[in-house]
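Next come the chains, spelled out residue by residue.
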Amino acid sequence: MEKEQKTRITIDIYGQTYTIIGTDSSAHVRQVATLVDDLMRELSAHNPSLDTTKVAVLTAVNSVHDYLKLQTEKELLEEELKKLKG
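Residues numbered from 1 in each chain as written. Predicted model: local features only at pLDDT ≥ 70, side-chain atom pairs only at ≥ 80, totals over all residues. Heavy atoms only, no water.

## Here we look at the pattern of salt bridges
Between side chains of opposite charge, a pair can form as their charged atoms come close.
Next up, step 1: All chains considered together, the criterion is met by two salt bridges.
Next up, step 2: Between Asp37 and Arg41 there is a salt bridge; the shortest N-O distance is 3.0 Å. A residue pair is termed a helical-turn pair when its members lie 3 or 4 positions apart in one helix, as Asp37 and Arg41 do in helix H1 (residues 26-46) at four residues.
Next up, step 3: On the basis of relative accessible area, Arg41 is assigned to the partly exposed category, the value being 44%.
Next up, step 4: As a salt-bridge pair, Lys74 and Glu78 come within 3.1 Å of each other at their nearest N and O atoms. Separated by four residues within a single helix, Lys74 and Glu78 lie in helix H2 (residues 52-85), roughly one turn from each other.
Next up, step 5: On the basis of relative accessibility, which here comes to 40%, the residue Lys74 falls in the partly exposed class.
Next up, step 6: Since its relative accessible area comes to 41%, Glu78 is described here as partly exposed. (Salt bridge = Lys/Arg side-chain N within 4 Å of Asp/Glu carboxyl O. Helix = DSSP H or I, 4+ residues; strand = E, 2+ residues; numbered from the N terminus. Buried < 20%, exposed > 50% of the residue type's maximum accessible area, 1.4 Å probe, protein only.)

Here you go:
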């Protein structure tokens, strides 16, 4: 079995530098980092009294909430598609 090529990329999120190692493309990792950074900055702008840890946790909670909503929507659409196909 062939091992997937791992990529090492350095990104900045909310003023902190992280090194990410994985099999996804650099472009994908940068896109994820940009989205997380944007979400954290937006949350912080609306709640300036929150410390970095709370901003990070609330960003994670909001992201998982959105993910679960999309997952449910996907499942409903798949069920609808099955019914349409007969």
